[in-house]
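Each chain is listed here by its residues.
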Amino acid sequence: VLENLLLNHVLAARVDESILRALGKNYTETMAVGPVANKKLTLFFDATESKIVLNGISDITEADIRATNGIIHVVDAVIDFPTLATFVKSNDGFSKLTQALTTATPATDFMATLSGSAQYTLFAPADVAFDALLDTNPDWTTVDDIEEGLLTSVLQHHVVSGIIRSSDINDDDTATTLEGDLITFSTANGGIDITDGEGNDGITVVVADLQAINGVLHAIDEVLIPDTTN
């Protein structure tokens, strides 16, 4: 475990501060082993502020200590293995999803589920996806305005038990969500599109295979809606 934790601090490339700054907010792959064979854990970094923050928990306090075989950045906290909750909370592009999973659904501890040892696949709507959803109802100004029972079902419709990476998905495959309804995948156009439980299609996976220690996250551009008639 300690060896893998140390590898979670290592990238298989020489990446100096200027590269991180140029990329801004992005993901990279560490040398730590994930729960899927031959797949490494993902690291999220935010280099848009004065400090560069890794996985939302560790700041680079001294950058670009050069060695003959690489480069060192000093950090102020151990970078623990990321969970699905880590990737949601650390990226402010998922701020509305974080709100939906916490303050908007207080009766369900979604973050505990996404931080636990059970393995899941999370199809995570970016903020633009929630903005589009809020625009569909004049009574909804923020995520907190959505009725909690409905929002809980919607969020459960984004989670599948087990790890499904993009390479596991074939055209017309289906998966049963924690909400109970199926989602259907299409790979006909070279990417991955999803049809949700209500029949809305063309929902696109825009970033795939962000590997956490307890699952995998795929960012999507629309909110998945379950079959509300059942």
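Structure report, in brief. Quick caveat: nothing in here was measured; it's all calculated off a predicted structure.

Things to note about the layout of surface pockets
The space that makes up the largest pocket amounts to roughly 440 Å³. Lining the largest pocket are 22 residues; nearest its centre among them are His-9, Val-10, Leu-11, Ile-71 and His-73. If you list the elements that add at least two residues to the lining of the largest pocket, you get α2 (17-23), β2 (40-46) and β5 (70-75). If you tally residues by element for the lining of the largest pocket, the top one is β5, at five residues. For the lining of the largest pocket, the class distribution of residues is 15 nonpolar, six polar and one charged.

Considerations on the sheet that holds β2
Across the sheet, which stays open at both edges, the five strands sit in the order β1-β2-β3-β4-β5 with antiparallel pairing between neighbours. Because the sheet does not close on itself, it has two edges, and the strands there are β1 (25-33) and β5. Sheet analysis places strand β4 (residues 58-67) next to β5, joined by five bridges and oriented antiparallel. Following the sheet pairing, Arg-66 is matched in β5 by Ile-71.

Details of the nonpolar core
Within the largest apolar cluster, 35 residues are counted, with the highest numbers of intra-cluster contacts made by Val-88, Phe-94, Leu-97, Leu-101, Leu-122 and Leu-217. Those elements that place two or more of their residues in this core are α3 (84-90), α4 (95-101), α5 (110-115), β6 (120-125), α6 (127-134), α7 (148-156), β11 (203-212) and β12 (215-220). The residues touching Val-88, leaving out its near neighbours within four places in the chain, are Phe-94, Leu-97, Thr-98, Leu-101, Met-111, Leu-122 and Leu-217. With 13 residues, the next largest nonpolar core counts Phe-123, Val-160, Phe-185 and Leu-224 among its residues.

Digging into the pairing of β4
Across two bridges, strand β3 (residues 53-54) lies against β4 in antiparallel orientation. Paired with Leu-54 across the bridge in β4 is Ser-58. If you look at the hairpin formed by β4 and β5, you'll find two residues sitting between the two strands.

A short note on a nonpolar patch on the surface
Nonpolar side chains collect at one region of the surface, where Ile-65, Ile-72 and Val-74 lie side by side and expose about 210 Å² of accessible area between them. Following the sequence through the fold, Ile-65 ends up in strand β4.

Quick word on α6
Those residues of α6 lying buried are Asp-127, Ala-129, Phe-130, Leu-133 and Leu-134. The buried residues of α6 occupy an angular sector of 155 degrees when the element is viewed end-on, so they sit on one face. Packed against the buried residues of α6 are α4, β6 and β12.

Here's the deal with the pattern of salt bridges
Proximity of charged atoms lets side chains of opposite charge pair with each other. Per the counting criterion, the structure on display carries six salt bridges. A salt bridge links Lys-25 to Asp-92, with the nearest nitrogen and oxygen atoms 2.5 Å apart. Here Lys-25 is found in strand β1, whereas its partner Asp-92 is found in the loop between α3 and α4, with 67 residues between them in sequence. The partly exposed category is assigned to Asp-92, whose relative accessible area is 45%. A salt bridge links Asp-209 to Arg-165; the shortest N-O distance between them is 3.9 Å. One end of the pair, Asp-209, is in strand β11; the other, Arg-165, is in the loop between β7 (159-161) and β8 (174-176), and 44 residues separate them in sequence. Relative accessible area serves as the criterion here: at 17%, Asp-209 is assigned to the buried category. Residue Arg-165 is classed as buried on the basis of its relative accessible area of 10%.

Details of the side chain of Asp-181
Mapped onto the secondary structure, Asp-181 falls in the loop between β8 and β9 (182-186). Although buried, Asp-181 forms no salt bridge, and the nearest oppositely charged side chain, Lys-96, lies 25 Å from it. For Asp-181, the side chain forms a polar contact with the main-chain nitrogen of Asp-227, separated by 2.8 Å. Not counting chain neighbours up to four residues away, the residues in contact with Asp-181 comprise His-157, Ala-175, Thr-176, Gly-197, Pro-226, Asp-227 and Asn-230.

Basis of the calculations
- Residues numbered from 1 in each chain as written.
- Predicted model: local features only at pLDDT ≥ 70, side-chain atom pairs only at ≥ 80, totals over all residues.
- Heavy atoms only, no water.
- 1 Å grid on protein atoms, 1.4 Å probe; cavity = no way out; pocket = protein on both sides within 12 Å on 5 of 7 lines; lining within 4 Å.
- Points joined across faces, edges and corners; volume = space filled by probe spheres on them.
- Helix = DSSP H or I, 4+ residues; strand = E, 2+ residues; numbered from the N terminus.
- Nonpolar A, V, L, I, M, F, W, Y, C, P; charged D, E, K, R; others polar.
- Pairing = 2+ DSSP bridges.
- Core = buried A, V, L, I, M, F, W, Y, C linked by side-chain atoms within 4.5 Å.
- Buried < 20%, exposed > 50% of the residue type's maximum accessible area, 1.4 Å probe, protein only.
- Contact = heavy atoms within 4.5 Å.
- Patch = residues over 30% accessible without salt bridge, like charges linked within 9 Å, V, L, I, M, F, W, Y side chains within 5 Å.
- Areas by Shrake-Rupley, 256 points an atom, 1.4 Å probe, with all protein chains shown as cover.
- Salt bridge = Lys/Arg side-chain N within 4 Å of Asp/Glu carboxyl O.
- Arc of directions from axis to C-beta.
- Lys, Arg positive; Asp, Glu negative; His and termini not counted.
- Polar contact = N/O pair within 3.5 Å; in protein donor to acceptor, adjacent residues only side chain to side chain.

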